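# Inside the fold
If you want the building blocks of each chain, they are given just below.
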Amino acid sequence: MASLIDNARKLQEEFTAEAGKVRETPRSSLIEELRVSWLGRKGALNKLYEDLKSVDKAERPEAGKAINQLRQSIEKEVNELKELAVGFEIKEKLSRTPVDISLPLKGELSQGSLHPVTLMRSLLLKAFRRLGFTVYDGPEVDQDFYNFSALNIPEHHPARDMQDTFFLKDKNFLLRTHTSNIQIHAMLQEKPPVRLVAPGRVYRVDNDATHTPMFHQIECVVVDRGISFSHLKGIIDSFLKSVFGNDLQTRFRPSFFPFVEPGAEVDLQCTICRGKGCRVCSHTGWLEIGGSGMIHPNVFESVQYDSEDYTGFAFGFGIDRMAMLAYGLPDLRQMFTGDYRYLSQFPIYR
Ligand code: PHE
């Protein structure tokens with residue numbers, strides 16, 4: 001029996017030495033090895049319990065107590081080591097050499113690609129910057145005032161209808177239905193002259209092959225002394241030619257928008273059939289890309305511009321429409337599926 005107690009004491013010393021070593025670098029893997037070799041099924045402690053069976057009955061309690069003490073002290077130390085391991089391993093991970101993100105990729109990793117709408121937007125902005133325009137931004141969630149009232153759209157106008165407009169719970173707020181809200185924000189901020197373009201998302205309750213609930217527009221606003229409809233035509237013709245090429249014609253059709261007078265819809269000769277007539281242009285040879293016109297005096301009044309002194313024009317074109325034309329896409333909805341295989345096939349248009 002003396003030998004078993006001695007043995008337990010010797011094992012305690014051995015364990016303390018081994019555990020001390022692990023304590024220097026308390027990694028989970030080392031701690032697990034230590035635990036298995038001492039507390040595991042074939043571990044040192046179980047062997048001691050085996051030996052206990054051959055100890056005299058009278059002396060067994062004392063010997064058993066010594067072994068239990070040893071087991072408790074081993075368990076305590078293993079648990080302490082496990083706690084140390086958490087902090088130690090985090091520190092070790094952080095001190096490792098960081099990943100060098102400037103190294104070239106190994107293997108066939110994809111580079112990603114730009115969305116056709118992004119490609120078209122960059123092209124448009126490039127064209128407008130070249131013409132001296134400033135790029136503007138405005139809120140997608142806006143108040144009725146900027147999206148409707150200040151744009152001379154009266155209370156009962158069908159554009160305000162719930163069937164067209166996404167209103168927020170508080171009916172004073174809505175998802176803008178066009179980028180024309182930016183006209184108001186910009187003119188309230190700037191004194192004339194103004195020469196700006198603003199691309200952005202717009203929202204309407206609509207969904208078919210040529211309409212999606214969210215789409216993109218680019219708004220253009222010019223205000224100065226002596227601005228006339230011929231300036232509007234000149235700018236539109238010039239930027240469409242720089243985007244789609246010199247051989248495509250543009251055409252203006254009289255149309256009504258409450259915030260312009262006169263107003264016109266703008267058509268571009270079909271890029272697919274070049275005016276001959278095809279399925280995409282419903283055999284007319286022309287495709288509608290947006291609205292335009294001379295800014296209405298009532299709009300100037302709501303931003304306190306003097307309409308005796310200043311005139312201006314504005315137009316709003318569909319970026320997605322232009323992307324469809326540029327790439328010859330039959331269905332607008334495909335662009336918003338987020339299918340990488342579909343979206344990664346578009347090269348820079350021009
Ligand atoms: N905001 C109009 C629309 O979305 C387009 C437009 C803009 C018309 C500017 C005239 C002037 O339909």
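Now for a quick tour of the structure. (Residues numbered from 1 in each chain as written. Predicted model: local features only at pLDDT ≥ 70, side-chain atom pairs only at ≥ 80, totals over all residues. Heavy atoms only, no water.)

### Comments concerning the nonpolar core
Counting residues in hydrophobic clusters, the biggest one holds 49 residues, and the most contacted among them are Met120, Phe239, Leu240, Phe244, Phe315, Phe317 and Met322. Here this core takes eight residues from helix 5 (residues 116-130), the largest share from any one element. Aside from chain neighbours lying at most four places away, what touches Phe317 is His216, Gln217, Ile218, Ile236, Phe239, Leu240, Val266, Ile289, Gly290, Gly291 and Met322. If you look at the next biggest cluster of nonpolar residues, it comprises 25 residues, including Tyr136, Ala150, Met187 and Val223. (Core = buried A, V, L, I, M, F, W, Y, C linked by side-chain atoms within 4.5 Å. Buried < 20%, exposed > 50% of the residue type's maximum accessible area, 1.4 Å probe, protein only. Helix = DSSP H or I, 4+ residues; strand = E, 2+ residues; numbered from the N terminus. Contact = heavy atoms within 4.5 Å.)

### Observations regarding the packing of helix 2 (residues 28-39) against helix 4 (residues 60-95)
When two helices pack together, their arrangement is captured by the angle between the axes and the distance separating the axes. Following both chains from N to C, one finds helix 2 and helix 4 inclined at 170 degrees, their axes separated by 9 Å at the closest point. What the angle tells us is that helix 2 and helix 4 run roughly antiparallel. Seen from helix 2, the contacting residues are Ser28, Ile31, Leu34, Arg35, Trp38 and Leu39; seen from helix 4, they are Arg71, Ile74, Glu75, Val78, Leu81, Lys82, Ala85 and Glu89. Tallied by class, the residues present in the contact of helix 2 with helix 4 amount to eight nonpolar, one polar and five charged. (Axes fitted to C-alpha atoms, helices over the stretch in contact; angles between N-to-C directions. Parallel < 35°, antiparallel > 145°, perpendicular 65-115°, else oblique. Nonpolar A, V, L, I, M, F, W, Y, C, P; charged D, E, K, R; others polar.)

### Points about the side chain of Glu77
As for its position among the elements, Glu77 is in helix 4. Looking at Glu77, the relative accessible area reads 15%, which means it is buried. For Glu77, the contacting residues outside a window of four places in its chain are Phe15, Ala19 and Arg23.

### Let's talk about a negative patch on the surface
Taken together, the side chains of Asp161, Asp164, Asp206 and Asp208 define an acidic patch exposed on the protein surface. Tracing the sequence through the fold places Asp208 in the loop between strand 4 (194-203) and strand 5 (214-224). Classification of Asp208 by relative accessible area gives partly exposed; the value is 31%. (Patch = residues over 30% accessible without salt bridge, like charges linked within 9 Å, V, L, I, M, F, W, Y side chains within 5 Å. Areas by Shrake-Rupley, 256 points an atom, 1.4 Å probe, with all protein chains shown as cover. Salt bridge = Lys/Arg side-chain N within 4 Å of Asp/Glu carboxyl O. Lys, Arg positive; Asp, Glu negative; His and termini not counted. Charge placed at Lys NZ, Arg CZ, Asp CG, Glu CD.)

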